[in-house]
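# Structure at a glance
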Amino acid sequence: MINGTTLRDALISGSHNISRQQQLVNDLNIFPVPDGDTGTNMSMTMSAACRQLAQETSGNAGQVAKTTASALLRGARGNSGVILSLLFRGFAQGLEGMEKVTGSDLANALGLGVEAAYKAVMKPTEGTILTVARIACEKGKTAAALDDDVAYVWSAVCQGAEEALENTPELLHVLKKAGVVDAGGKGLCLIFDGMRSVLETGQIIPIEESSVNRSQPAEEMDFFRNAAAEFDQDITLPYCTEFIIGREPSCTKTPAQLRSFLEDMGDCVVVVDDEEIIKVHVHTENPGNALQEALTYGSLLTVKIENMQEQHRLAAEANDLAKEEAEAKRLAALEPAEPTEEIGFVAVCAGDGLKTLFTDLGCSQVVSGGQTMNPSTNDILAAVRATPAKTVLVLPNNKNIIMAAEQAVPLAEDRKVIILPTRTIPQGLSAMLSYDPERSPADNALWMMENASHVNTGLVTFAARDSEFGGHKMKEGDILGLENGKLELIEKDPVHTAVKLTRSMIRRNTSFVTLIYGEEVTETQAEEAYNRIKAKVGNDVEVTLIHGGQPIYYFIVSVE
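As the structure is a prediction and not an experimental result, all values here were calculated from the model. (Residues numbered from 1 in each chain as written. Predicted model: local features only at pLDDT ≥ 70, side-chain atom pairs only at ≥ 80, totals over all residues. Heavy atoms only, no water.)

### Details of the nonpolar core
Nonpolar side chains in soluble globular proteins generally cluster together in the buried interior. Core analysis: the largest hydrophobic core is formed by 65 residues, its most contacted members being Leu-7, Phe-91 and Phe-192. If you tally residues by element for this core, the top one is helix H10 (residues 183–201), at nine residues. Listed in part, the 31 residues of the second largest apolar core include Ile-343, Ala-347, Leu-395 and Ala-445. (Core = buried A, V, L, I, M, F, W, Y, C linked by side-chain atoms within 4.5 Å. Buried < 20%, exposed > 50% of the residue type's maximum accessible area, 1.4 Å probe, protein only. Helix = DSSP H or I, 4+ residues; strand = E, 2+ residues; numbered from the N terminus.)

Below, the structure is given as structure tokens:
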């Protein structure tokens, strides 16, 4: 058996191991655009727990696990970080109240974490971190049935994780074609292996500052999107229904049965329960049916139904990792504000020009972030708390940030938080421009996302390595044009690519084009692109040029 001190050291060792090898994980991301950072996200998520664990003096294993889960929830970055936090949240629930734990305790607790992670993902994809965690748990439980020794069981967990990782290309065609294993799965293997070092030998893997590469500019690092780990899904059903049931002691039906019923009629299902209540969230076309079923479990204590608009899946935006620490310090220094106003806004973006633009449009706080620098749940929460409003609308402006933003909703206890699932900068700008002060916060959320859904996004960036993707061959340094996340052009010049991409995005009903140029584009280049686009579209389309100052992306094009 091991106590909390040993478990704490094991978790710290796991954090150190992923931090030492985060670039190895980043390099496994398979899309050639420099906008993926699975290793960085998982490393920074684990580092949030490591900082808390360094101050943990309890020898109680359950308390150590609880501290870890809480820190991971607040520090979760990107989809991979959120999934990691869910794994350890279930893990902590499995160890609750235990002062010392055996190998079977660890395997069973990991099983609860796997269940929590699978349940949180609307359509789980096999061949990802989920598969690696599940098979690792199965191997651990099998080993525990033979020998309950902690080191023996955890060694089996690590072996199962590695075997599952090697098989991920057989489950996901995109991985097999690229000749790599899943990045998130590899990150989890590194964490598990770091823990094994303590459980087998008592040695904490040391941290190496040089492994983090913080001095290296983000644009020189090989950031590629992990296409296999994009778990977030569009909301397609109109009624957001939330209610709390006071559990009837005589009811024999389980919360799991309620979840199954709701999943058959809707999506975005969350069912959380304890001995007294069941708390439910679901998106559905028929909220009455959900409430009618709820009444068979007990009395309804609270009910809230809001009309939601179908969301459109669009592509991701960019940012710069080098500013991460300064931004985290700025957010940490924010003073909480009394919620005196009815509504406020928080946006996520990168680039001084874009930050100023969102501020001018009414955002009280702007969190620096994007694909190569995903802000944590705690970063977003700090910005929410610093916004002096009773209801705060958060615009992530990137689909890899939405899950982390959603984790902040229940943590902001003194105010309501609504996440507008904006997936691109143009969507966020369109949403803010459509804000109507005469509408209620809930109506505004619907109205703003309705307007955001009509925006098409174009991106002009560079190939970070030689690659073949989606039938296209490219060389490192080639200029890439993407329309709504799909690679459309491979060129040699950013200005020419921006003009050609914008022209291809124009439709008969297009009224507005906004050209946002980044930090690597000169004013002369931006003017040339603007003039050439204006000449192509004529007087029927209004073209606006904005200096966004964003890293990684030469141009962001908004067409609506």
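That covers the picture; the talk isn't over yet.
### Some words on helix H18 (residues 441–452)
Its twelve residues give H18 an end-to-end C-alpha distance of 16 Å, which sits within 8% of 16 Å, the value for a rise of 1.5 Å per residue. Among all positions of H18, only Asn-444, Ala-445, Met-448, Met-449 and Ala-452 are buried. When H18 is viewed along its axis, its buried side chains cluster within an angular range of 125° and face the same direction. Its buried side turned inward, H18 meets strand S7 (341–349), strand S9 (389–395), strand S10 (416–419) and helix H17 (425–433). (Expected span 1.5 Å × (residues − 1). Arc of directions from axis to C-beta. Contact = heavy atoms within 4.5 Å.)

### Looking at the sheet that holds S9
With respect to topology, four strands assemble into an open sheet ordered S8-S7-S9-S10, the strand pairing being parallel. Where the open sheet ends on each side, the last strands, each with one partner, are strand S8 (365–368) and S10. Here the average twist between neighbouring strands, direction ignored, is 20°. Pairing of S7 with S9 involves six bridges; the strand directions are parallel. Looking at S9, one finds that Ala-347 is bridged to Leu-395. Against the sheet, H18 engages S7, S9 and S10, with an angle of about 15° to S9. (Pairing = 2+ DSSP bridges. Axes fitted to C-alpha atoms, helices over the stretch in contact; angles between N-to-C directions.)

### Some points on helix H8 (residues 150–171)
Taking 1.5 Å per residue, 22 residues should reach 32 Å; H8 reaches 31 Å between its end C-alpha atoms and fits that length. Where H8 bends most, at Leu-165, the angle is about 30°, and the proline Pro-169 comes one to four residues later. With a side-chain oxygen positioned 3.2 Å from the backbone nitrogen of Ala-151, the residue opening H8 is Asp-149. (Bend = angle between axes of the 7 residues up to and from the residue. Polar contact = N/O pair within 3.5 Å; in protein donor to acceptor, adjacent residues only side chain to side chain.)

### What about the pattern of salt bridges?
On inspection of all chains with the given rule, the structure shows 17 salt bridges. Note that Lys-390 and Glu-342 form a salt bridge whose closest N and O atoms lie 3.1 Å from each other. Here the residue Lys-390 occupies a position in strand S9, and Glu-342 occupies one in strand S7, the gap between them amounting to 48 residues. Taking relative accessible area as the criterion, Glu-342 reaches 52% and is therefore assigned exposed. Here Asp-414 makes a salt bridge to Arg-415, at a shortest N to O gap of 2.7 Å. On the basis of relative accessibility, which here comes to 7%, the residue Arg-415 falls in the buried class. (Salt bridge = Lys/Arg side-chain N within 4 Å of Asp/Glu carboxyl O.)

### Structural notes on the pairing of S9
Among the seven residues in S9, six count as buried, and that is most of the element. Pairing between S9 and S10: four bridges, direction parallel. Across the sheet, residue Leu-393 finds its bridge partner in S10, namely Ile-418. Regarding the hand of the β-α-β motif, the stretch spanning S9, helix H16 (residues 402–408) and S10 is right-handed. (Right-handed = clockwise from strand over helix to strand, strands pointing away.)

### Quick look at the sheet that holds strand S11 (residues 456–462)
Strand order in the open sheet formed by six strands is S15-S14-S11-S18-S16-S17, and the pairing between neighbours is mixed. Looking at strand neighbours, the two that pair on one side only are strand S15 (486–491) and strand S17 (542–547), the edges of this open sheet. Put simply, the sheet's adjacent strands are angled 20° from each other on average, direction ignored. Direction of pairing for S11 relative to strand S14 (residues 479–483): antiparallel, over a ladder of five bridges. When the sheet's bridge partners are listed, Gly-458 is paired in S14 with Glu-483.

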